[in-house]
Amino acid sequence: MQCKKALDIWQLTDNQVKKLQVGQWVFAGNVKNTGRFLGVKKSGTVVVAWQGNASFQKSYNEYIQQLLNYARAN
């Protein structure tokens, strides 16, 4: 499955969000607020690695892995 162009996550229904592919580029209302979708927890929490937050991390890959692990946890 290929990723589509960045989607406005605020415009998607809960079911559409749950069907997003991990790694899909998303934004929150403004295309300048982009991030990578990492999943939805069982609690319904949507996990996105926002680019702005990633820039504050020592290791981008470690940041993504930590959030991915969080998304997969119960």
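Rules of the game
- Residues numbered from 1 in each chain as written.
- Predicted model: local features only at pLDDT ≥ 70, side-chain atom pairs only at ≥ 80, totals over all residues.
- Heavy atoms only, no water.
- Helix = DSSP H or I, 4+ residues; strand = E, 2+ residues; numbered from the N terminus.
- Rg over C-alpha atoms; globule rule 2.2 N^0.38 Å.
- Buried < 20%, exposed > 50% of the residue type's maximum accessible area, 1.4 Å probe, protein only.
- Areas by Shrake-Rupley, 256 points an atom, 1.4 Å probe, with all protein chains shown as cover.

Chemist: Can you break down the overall build of the protein residue by residue, with the values?
Modeler: Scanning the protein for helices and strands turns up 3 helices and 4 strands. Ordered by position from N to C terminus, the α and β elements of the protein give β-α-β-β-β-α-α. In terms of overall dimensions, the protein is globule-like: its C-alpha atoms have a radius of gyration of 12 Å, near the 11 Å expected for 74 residues. Seen through its principal axes, the protein has C-alpha atoms that stretch 35 × 30 × 25 Å. Counting over 74 residues, the protein shows a buried share of 32%. Working note: accessible area of the protein is about 5,400 Å², and carbon and sulfur atoms make up 49% of it.

Chemist: Tell me about the environment of K4, residues and numbers included.
Modeler: Among the secondary structure elements, K4 is positioned in the segment before β1 (7–8). Look at K4 and you get exposed, because its relative accessible area is 60%. Note: C-alpha distance between K4 and Q21 (17 residues apart in sequence) is 9.3 Å.

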